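Below are the chains, spelled out letter by letter.
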Amino acid sequence: MQLGDESYDGPTLREVVNGATEAVRLVRCDLREIDLRGVDLTEVHFEECVLDNADLRGAALGGASFGGCRLMGADFEGVSGFGFTISRSNAFAANLIRAPLAHADLSGTRFTEAVLRGADLRSCIFDGCDLSGADLAEAQLEHADLRGAGLGPCDLDRMHALRGAIITTTQAAAIVCDLAGATVL
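Read on for a plain summary of the structure. Owing to the predicted nature of the structure, the values given are computational and were not obtained by experimental measurement. (Residues numbered from 1 in each chain as written. Predicted model: local features only at pLDDT ≥ 70, side-chain atom pairs only at ≥ 80, totals over all residues. Heavy atoms only, no water.)

1. A closer look at the overall build of the chain
When helices and strands are counted, the chain shows 3 helices and 5 strands. Scanning the chain from its N terminus toward the C terminus, one meets helices and strands in the order β-α-β-β-β-β-α-α. The globule rule puts the C-alpha radius of gyration for 185 residues at 16 Å, and the 17 Å found for the chain is close to it. Along the three orthogonal principal directions, the C-alpha set of the chain runs to about 60 × 25 × 20 Å. Looking at the 185 residues of the chain, the share that counts as buried comes to 45%. Considering only residue pairs separated by 6 or more positions, the chain has 8% of its internal contacts joining residues 24 or more positions apart. Carbon and sulfur atoms make up 48% of the accessible area of the chain, which amounts to about 8800 Å² in all. (Helix = DSSP H or I, 4+ residues; strand = E, 2+ residues; numbered from the N terminus. Rg over C-alpha atoms; globule rule 2.2 N^0.38 Å. Buried < 20%, exposed > 50% of the residue type's maximum accessible area, 1.4 Å probe, protein only. Contact = heavy atoms within 4.5 Å. Areas by Shrake-Rupley, 256 points an atom, 1.4 Å probe, with all protein chains shown as cover.)

2. Points about the pattern of salt bridges
Across all of its chains, the model carries 13 salt bridges by this definition. Among the ionic pairs, Glu47 bridges to Arg25, the shortest N-O distance being 2.2 Å. With a gap of 22 residues between them, Glu47 in strand β3 (residues 45–47) and Arg25 in strand β2 (residues 25–27) connect regions that are remote in the sequence. On the basis of relative accessible area, Glu47 is assigned to the partly exposed category, the value being 28%. Note that Asp35 and Arg37 form a salt bridge whose closest N and O atoms lie 2.5 Å from each other. Judged by its relative accessible area of 41%, Arg37 falls in the partly exposed class. (Salt bridge = Lys/Arg side-chain N within 4 Å of Asp/Glu carboxyl O.)

3. Details of unusual backbone geometry
Working note: non-glycine residues mostly have negative phi, and peptide bonds are mostly trans. Its identity is not glycine, yet Glu33 carries a phi of approximately 55 degrees, on the positive side. Turning to its location among the elements, Glu33 is positioned in the loop between β2 and β3.

4. Some words on the environment of Phe82
Mapped onto the elements of the fold, Phe82 is located in the loop between β4 (65–67) and β5 (85–87). Here Phe82 falls in the exposed class, since its relative accessible area comes to 61%. Taking the C-alpha atoms as reference, Phe82 lies 9.8 Å from Asp120; in sequence the two are 38 residues apart. For Phe82, the residues in contact, after removing those within four places along its chain, are Gly62, Gly63, Pro100 and Asp120.

5. What to know about helix α3 (residues 169–180)
The first and last C-alpha atoms of α3 sit 16 Å apart over 12 residues, in line with the 16 Å expected at 1.5 Å per residue. Just past α3, the residue Gly181 takes up positive phi, approximately 70 degrees. (Expected span 1.5 Å × (residues − 1).)

6. Observations regarding the environment of Arg98
Here Arg98 lies in the loop between β5 and α2 (156–161). Assessed through its relative accessible area of 51%, Arg98 is described here as exposed. If near-sequence neighbours (up to four positions away) are discounted, Arg98 is found in contact with Glu77, Arg117, Gly118 and Ala119.

7. Examining a nonpolar patch on the surface
Taken together, Leu156, Met159 and Leu179 make up a surface patch of nonpolar side chains, about 240 Å² in accessible area. One can find Leu156 in helix α2. (Patch = residues over 30% accessible without salt bridge, like charges linked within 9 Å, V, L, I, M, F, W, Y side chains within 5 Å.)

8. Observations concerning the sheet that holds β5
Pairing within the open sheet is parallel, and its 5 strands lie in the order β1-β2-β3-β4-β5. Unpaired on one side and paired on the other, β1 (2–4) and β5 mark the two borders of the sheet. Along the sheet, successive strands turn relative to each other by an average axial angle of 10 degrees, direction set aside. (Pairing = 2+ DSSP bridges. Axes fitted to C-alpha atoms, helices over the stretch in contact; angles between N-to-C directions.)

9. A short note on helix α1 (residues 10–19)
Of the positions making up α1, those classed as buried are Gly10, Leu13 and Val17. Along α1, the residues classed as buried sweep out an arc of 70 degrees about the axis, all on the same side. Looking at α1, the residues exposed on the side facing more than 90 degrees away from the buried face are Pro11, Glu15, Asn18 and Gly19. Packed against the buried residues of α1 are β2. (Arc of directions from axis to C-beta.)

Here it is, written out as structure tokens:
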């Protein structure tokens, strides 16, 4: 079921999702400040939707996708369900504390100032992502591919947060410059 170019509030969208007999695809929908706390959004696809300041805390997001969406200030804390993805989106200042995103292709997403504290980002692909100012403390980054990501300035805490991630020698040199003030040739 594809729904496009509409505005929804929380109760209306809950009713649509709960009554659907097939996968729901929302295209270019205005979902600003929507309250979807605890809603089962399993395999719901959001394409080019605006979800600024959306409250998704505790929602079930298994197999859900957010492609080309605006997620500025959206709150994903405590979401469940593996296999959800965010790509080509603007997640500026989004709250993704403990988000289960392992193995996701997060390419092209702006995570500037986002809170990814404790998120499961193992084996994720961050090609073309901006992680400037993102809080990565306690995030699980083992085998996460950050080679195509903008990491922003690095201090000791940020360097420790990158443990296990894959970065380029150019990124490593920038980290050394940030931490030691040295020039790498």
